[in-house]
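# Inside the fold
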Amino acid sequence: MALTRSTVALIIFWMPLAMASEPSTKFLQRTPSLQVDSAQGFIEKLTLVPTDVEGCRHNESRRHVVSPKVYGQIRQPKSLEAMLPLDKVVTWLVDGPTLSSWLNDRCCGLDSDPDQAGKQCLCGIAADVEVPVDDSASYQIVAFDASLALQPISPTWMNFHEAGVLPQTYEWVFGELEKQGKLVITIDELKSCEPNLATWAKLNWFNAYRSPGVEAYKGIMEDPVYGLAGQMGLLNCSSTVEEWSGGCGCRGASGCEPESDIELFCGTGPLCDPRPFLCPSTDSGADLPVGFVRAYLHKFLDAYPAFKGTGFTDSEMKTKEFFVVPSIYLSSGSLAMTSPQSGVKSACPA
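Only a predicted model underlies this, so the values are computations on that prediction, with no experimental measurement involved.

Now for the packing of helix α8 (residues 197-209) against helix α9 (residues 214-222). Where α8 contacts α9, the axes come no closer than 8 Å and their chain directions differ by 115°. In terms of orientation, α8 lies roughly perpendicular with respect to α9. Between α8 and α9 lies a crossing whose hand is right-handed. Contact residues: α8 offers Leu203, Phe206 and Asn207, while α9 offers Ala216, Gly219 and Ile220. Across the contact of α8 with α9, the residue classes break down as four nonpolar, two polar and no charged.

Put into structure tokens, the structure is as follows:
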């Protein structure tokens, strides 16, 4: 998927959220316990295992098991409010089994130097979830405990339909237009606008027609109805597309902005009407909104061309991904996180 970015050397780059006002905690070299039942517990273990070089040589008999109710992600700490940049309406995550693999394999016993171990750990995690590492960026791991209010969704094309995802995003995307009296109907009325099942089935079809991810995205772009000659062209999408850029990405200077992106889904009338773009009436013979919907997901849900719609981040289907809509805010009491770490790129294989 789709999905969907410094600290001084020798100071530990991990720090649970609950300790945010305290000095950063250095990596320790003691044997951690095995069961991990909370986001806080996972972050604490992640501060231990990268420097546990001796213990990790014998870790087959002491595997960590992270609760399936714990989720996490790697992020660039650009926003102090939300886990993803504020122009995105969802938070992308991995689940407990993947977090377990980070503790047991990806980050276990990497280096006795805490700074180097931390960088290697983050670089490996980024590779697992297919997130490109930027030379100038800092990275951190954030984890949270699932609850009745925060139930992650597996992002398959058909699950978007079954979970009714798009209507849950309209208040964030079009809410300001409603407040300004520029929306043709209310947000509550707009929430009945859902791309039909055939639209999601067609998006899934492009996975089989090409292959999940950027190739399926290119297939949509080349389609005479859904692509640049049709729907995506009406949205001013770029003909250049790569895994993490181009295509129907945000056009604003600071991400997806009202005039550059949101209003593309409004039409030419005096008031904004997103319905012809997202839920056109099939009774009138309108085409399925495949290109419009794929562009909407790219812009507002962080579903880059690399997003696969299979429920996995990778082509080998080893790392499951999930998302929560609307986005999780960093003020959530169930969150724990490591301190930002700079220089991660230097630890990645050339």
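What follows covers the confidence of the model for the protein. Caution is warranted with low-pLDDT regions, since their predicted coordinates should not be read in detail. Residue-level pLDDT values for the protein average 87, and 85% of them are 70 or greater. Contacts from residues 1-32, a stretch scored under 50 in pLDDT, to residues over four places away or in other chains number 111 contacts.

This next bit is on the pairing of strand β3 (residues 70-75). For β3, the tally of buried residues reaches six of six residues, placing the bulk of the element in the interior. What you see with β3 is no split at all: Val70, Gly72 and Ile74 on one side and Tyr71, Gln73 and Arg75 on the other are buried throughout. Pairing analysis gives six bridges linking β3 to strand β5 (residues 140-145), with the strands arranged antiparallel. Looking across to β5, one finds that isoleucine 74 is bridged to isoleucine 141.

Let's shift gears to the pairing of β5. Counting buried positions over the six residues of β5 gives five, a clear majority of the element. Bridge analysis of β5 against strand β9 (residues 335-337) gives three bridges, and the strand direction is antiparallel. Each bridged residue has a counterpart across the sheet, and for alanine 143 the counterpart in β9 is alanine 336.

Phe160, Phe174, Phe265, Leu278, Tyr296, Leu297 and Leu301 are the most contacted members of the largest nonpolar core, which totals 51 residues. Listed by contribution, the elements that provide at least two residues to this core are α5 (157-162), α6 (165-179), α7 (187-190), α8, α9, α11 (275-278) and α12 (290-301). Here this core takes eight residues from α12, the largest share from any one element. Not counting the four nearest positions on each side in its chain, leucine 301 is found in contact with Val89, Val90, Trp92, Phe160, Val165, Thr169 and Tyr296.

Turning to the state of the cysteines, a few remarks are in order. Applying the stated criterion to the full structure yields seven disulfides. Linked covalently through their sulfurs, cysteine 123 and cysteine 348 form a disulfide whose S-S length is 2.0 Å. Of this pair, cysteine 123 sits in helix α4 (residues 114-128) while cysteine 348 sits in the segment after β9, and the two are 225 residues apart along the sequence. Note on accessibility: cysteine 123 and cysteine 348 belong to one class, buried. What pairs with cysteine 250 in a disulfide is cysteine 256, and their sulfur atoms sit 1.9 Å apart. An S-S torsion of about -90° defines the bridge between cysteine 250 and cysteine 256 as left-handed.

Across the junction of valine 325 and proline 326, the peptide omega takes the value -5°, indicating a cis bond. Relative to the assigned elements, proline 326 resides in the loop between β8 (322-324) and β9. Phi at asparagine 236 takes a positive value of approximately 60°, unusual for a residue other than glycine. Relative to the assigned elements, asparagine 236 resides in the loop between α10 (231-234) and β6 (241-242). The phi dihedral of aspartate 302 is positive, around 65°, even though this residue is not glycine. Tracing the sequence through the fold places aspartate 302 in the loop between α12 and β8. Accessibility expressed as a relative area gives 3% for aspartate 302, which makes it buried.

The rules behind these values
- Residues numbered from 1 in each chain as written.
- Predicted model: local features only at pLDDT ≥ 70, side-chain atom pairs only at ≥ 80, totals over all residues.
- Heavy atoms only, no water.
- Axes fitted to C-alpha atoms, helices over the stretch in contact; angles between N-to-C directions.
- Helix = DSSP H or I, 4+ residues; strand = E, 2+ residues; numbered from the N terminus.
- Parallel < 35°, antiparallel > 145°, perpendicular 65-115°, else oblique.
- Left-handed = near helix turned anticlockwise from the far one by under 90°.
- Contact = heavy atoms within 4.5 Å.
- Nonpolar A, V, L, I, M, F, W, Y, C, P; charged D, E, K, R; others polar.
- pLDDT = per-residue confidence, 0-100.
- Buried < 20%, exposed > 50% of the residue type's maximum accessible area, 1.4 Å probe, protein only.
- Pairing = 2+ DSSP bridges.
- Core = buried A, V, L, I, M, F, W, Y, C linked by side-chain atoms within 4.5 Å.
- Disulfide = S-S within 2.5 Å.

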